[in-house]
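Now for the letters of each chain:
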Amino acid sequence: MKKRALISVSDKNGVSEFAKELINLGFEIVSTGGTKKMLQEQGLPVLSVTDVTGFPEILEGRVKTLNPFIHGGLLAKHGEADHQKQLEEHGIDPIQVVCVNLYPFQQTIEKPDVTVEDAIENIDIGGPAMLRASAKNHQYVTVVVDPVDYETVLAELKASGETTLETRRKLAAKVFRHTAAYDALIAEYMTNLAEEENPEKLTVTYELKQSLRYGENPHQKASFYKKPLGSKFSIAYADQLHGKELSYNNINDADAALQIVKEFTEPAAVAVKHMNPCGVGTGKTVFEAFEKAFAADPVSIFGGIIALNQEVDAETARKLHEIFLEIIIAPSFSKEAIEVLTSKKNLRLLTIPFEQGQKVERKMTTIEGGLLMQDQDRYSLDDANITIPTKRQPTEAEWAALKLGWKVVKHVKSNAIVVSDKDMTLGIGAGQMNRVGSAEIALKQAGAKAEGAALASDAFFPMDDTVEAAAKAGITAIIQPGGSIRDADSIKKADEYGIAMVFTGVRHFKH
């Protein structure tokens, strides 16, 4: 049987060497377009697809490989007499090796000025058809979509004249993953183009970023994947400058810290433990901001994750160095800061391009047997319909404290209460089964600092007990969504103690 390989690739890394080795092994090479031209420039003998099909490329190259002389060669069962007879009757030669990768659709739509016409033209049709046909017929056909597999294929062909079924099956599985991911990106692009918010089928694709040592606990296996066109302003696209490999819990905590520090434009520092903030501070400098975040809870910060929205300088680095931390996230680190912090070999240093800004993405949460999807909670006070139902209005200082508390509370696990002043959190109550329980934790942590401070709640007060507890601790201003059937009780209690209370009309549950 004549040995024939079909090669047509967008990613040309290593393909000329691969083709040359196949020719040395007795393969005839069939190719198209730019791949054919490149191989011929390397002095390699190549047949064009037109030579094989006897039919020219048409419709601006949209149709060239969709032909029985190609697909018959890909799909024929080599060991079946009837298939062999039909090949002979029609003069079709089998194809044993296929090396194809696809039009650069992802790279095309990543361009900020891409047109719809350009995106559509970069949807490959013939390539996926050849890949799927070859992968389906992997009993007989070796199909390669990834240059990393060239070496394995050549080694097996040189050793025995053919690849093993195990290798062909693994390569076929990779092909179907590749074409599925390719189609998923196209489906996402077209769905967005058609402005479909809730399509009847949801297809998503992610790329392996790293295998993890374990998950939340050592007995759980885990991996970390990133979205191909995901937000660059994210942990998935962070650059790690130093430290040991990130763990499953590190990644979750780092993401939580980043989402909080994104709320601030002024210099800010956020400390996170177990996906909840334990301290948030702002200041005129990043050093001042971190000092306040540290002072907010100097106990819980031990072993925590720190996110800062300004470059880490030497002064801040020396302060950070005094504490045991898992990760520090920042837009950048000065040369002196890196020298200070890298003396701790396990401390992870991550940089993230804060200048990229926010990208609208929907949040997906898996449950057993299904998946939930929702918009991310980007709602801010600028979007809120503010009302003040109490007799007293907040002072300017109280407004500053309320705004900081409101930025933080939406990132705290519900039920959530944050006590704050104008530039730092003073107490945080998270994840309790009743709201007054979270308030008691936050107020106890704030202690005497609660006097004259503000309190933020992620959801309304079902009773006036939280206002009562806040008043007795010295709180003078409260911000909450409102909307309870018993709002009047909380308003009355606030007026009784002279508390200014703000309703936002929006809750920030976080489960």
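Residues numbered from 1 in each chain as written. Predicted model: local features only at pLDDT ≥ 70, side-chain atom pairs only at ≥ 80, totals over all residues. Heavy atoms only, no water.

Undergrad: So, the overall build of the chain: which residues are in play, and what are the values?
TA: Of the regular secondary structure elements, the chain holds 18 helices and 20 strands. The C-alpha radius of gyration of the chain comes to 30 Å, more than 25% above the 24 Å expected for a compact globule of 511 residues. In terms of overall dimensions, the chain has a C-alpha envelope of 95 × 50 × 45 Å along the principal axes. When burial is assessed residue by residue, the chain has 48% of its 511 residues classed as buried. Counting only contacts in the chain whose residues sit at least 6 apart along the sequence, the fraction spanning at least 24 positions is 54%. In the structure as shown, the chain presents an accessible area of about 25,400 Å², 51% of it carried by carbon and sulfur atoms. Across the chain, the 58 positively charged side chains and the 70 negatively charged ones have centroids separated by 3 Å. (Helix = DSSP H or I, 4+ residues; strand = E, 2+ residues; numbered from the N terminus. Rg over C-alpha atoms; globule rule 2.2 N^0.38 Å. Buried < 20%, exposed > 50% of the residue type's maximum accessible area, 1.4 Å probe, protein only. Contact = heavy atoms within 4.5 Å. Areas by Shrake-Rupley, 256 points an atom, 1.4 Å probe, with all protein chains shown as cover. Lys, Arg positive; Asp, Glu negative; His and termini not counted. Charge placed at Lys NZ, Arg CZ, Asp CG, Glu CD.)

Undergrad: Give me the sheet that holds strand β5 (residues 142-144): which residues, what numbers.
TA: With parallel pairing, the 5 strands of this open sheet are ordered in space as β3-β2-β1-β4-β5. Both outer strands of the open sheet, β3 (47-48) and β5, are each paired with one neighbouring strand and no more. Across 3 bridges, the pairing between strand β4 (residues 97-100) and β5 is parallel. Paired with V98 across the two strands is V143, which belongs to β5. Taken strand by strand, helix α8 (residues 126-136) contacts β1 (4-8), β4 and β5, and its axis lies near 145° from that of β4. (Pairing = 2+ DSSP bridges. Axes fitted to C-alpha atoms, helices over the stretch in contact; angles between N-to-C directions.)

Undergrad: Which residues make up the packing of aromatic side chains, and what are the values?
TA: The full count for this structure, using the stated rule, is 6 aromatic pairs. Taking the centre distance of 4.9 Å and the plane angle of 55° together, the rings of F233 and F354 count as tilted. Of this pair, F233 sits in the loop between β7 (222-226) and β8 (239-242) while F354 sits in the loop between β13 (348-351) and β14 (362-367), placing them 121 residues apart in sequence. Each member of the pair, F233 as well as F354, carries the same accessibility label: buried. Here F302 and F324 contribute two aromatic rings whose centre-to-centre distance is 5.1 Å and whose plane-to-plane angle is 55°, an arrangement assigned as tilted. Of this pair, F302 sits in the loop between α12 (286-296) and β11 (304-308) while F324 is found in the loop between α13 (314-321) and β12 (325-330), placing the two residues 22 residues apart along the sequence. Relative accessible area serves as the criterion here: at 41%, F324 is assigned to the partly exposed category. Through a chain of ring-to-ring contacts, the aromatic side chains of F105, Y182 and Y189 assemble into a single cluster. If you follow K262 out to its NZ or CZ, it ends over the ring of F233, 4.3 Å from the centre. Positioned above the aromatic ring of F294, the side-chain terminus of K319 is 5.3 Å from the ring centre. (Phe/Tyr/Trp six-rings, centres within 6.5 Å; stacked < 30°, edge-to-face > 60°. Lys NZ or Arg CZ within 6 Å of the ring centre and 35° of its normal.)

Undergrad: Go over a negative patch on the surface with me, naming the residues and quoting the values.
TA: A contiguous patch of negative charge on the surface is contributed by E291, E311, D313, E315, E336 and E339. Secondary-structure assignment places E339 in helix α14 (residues 335-341). (Patch = residues over 30% accessible without salt bridge, like charges linked within 9 Å, V, L, I, M, F, W, Y side chains within 5 Å. Salt bridge = Lys/Arg side-chain N within 4 Å of Asp/Glu carboxyl O.)

Undergrad: Would you mind going over the pattern of salt bridges in detail, with residue names and values included?
TA: Two side chains bearing opposite charge may form a pair once their charged atoms approach each other closely. Considering all chains together, one arrives at 23 salt bridges under this definition. With its nearest N and O atoms 3.2 Å apart, the salt bridge here joins K422 to D423. A residue is classified by how much of its surface remains accessible, and D423, at 13% relative accessible area, is buried. Taking the shortest distance from any N to any O, the salt bridge between D489 and R486 comes out at 3.0 Å. Of the residues examined, D489 reaches a relative accessible area of 29% and is grouped as partly exposed. Among the ionic contacts, a cluster of salt bridges with common partners joins K2, R4, E28 and D93.

Undergrad: Outline unusual backbone geometry, listing residues and values.
TA: Peptide bonds are, in most cases, trans, and in most cases residues other than glycine have a negative phi. Note the cis peptide between S414 and N415, where omega equals -10°. On the secondary structure map, N415 appears in the loop between α15 (396-409) and β16 (417-420). The backbone phi angle of H274 is positive, close to 50°, even though this residue is not glycine. Its place among the elements puts H274 in the loop between β9 (268-273) and β10 (276-282). Although it is not a glycine, M275 adopts a positive phi angle of roughly 70°. With respect to the helices, strands and loops of the structure, M275 is situated in the loop between β9 and β10.

Undergrad: An account of the pairing of β14 is needed here, citing residue identities and associated values.
TA: Relative to strand β15 (residues 370-375), β14 is paired through 6 bridges, and the arrangement is antiparallel. If you follow K363 over to β15, its bridge partner there is Q374. From the end of β14 to the start of β15, which pair antiparallel, there are 2 residues, and G369 there has a positive phi angle of about 85°.

Undergrad: Any details on the sheet that holds strand β20 (residues 500-503)? Residues and values, ideally.
TA: Across the sheet, 5 strands lie side by side as β17-β16-β18-β19-β20; this open sheet has mixed pairing. Of all strands in the sheet, those with a lone pairing partner are β17 (425-429) and β20, marking the two edges. Each strand axis lies, on average, 15° off the axis of its neighbour in the sheet, ignoring direction. In this sheet, strand β18 (residues 454-457) lies alongside β16 in antiparallel orientation, the contact comprising 4 bridges. By the bridge assignment, I417 is partnered in β18 with S457.

Undergrad: Lay out the pairing of strand β2 (residues 28-31) with the relevant residues and their values.
TA: Alignment of β1 against β2, held across 4 bridges, turns out to be parallel. Following the sheet pairing, A5 is matched in β2 by I29. Taken together, β1, helix α1 (residues 15-24) and β2 form a β-α-β motif whose crossover is right-handed. The pairing of β2 with β3 spans 2 bridges and is classified as parallel. By the bridge assignment, S31 is partnered in β3 with S48. One crossover worth recording links β2 to the parallel β3 by way of helix α2 (residues 33-41), and it is right-handed. (Right-handed = clockwise from strand over helix to strand, strands pointing away.)

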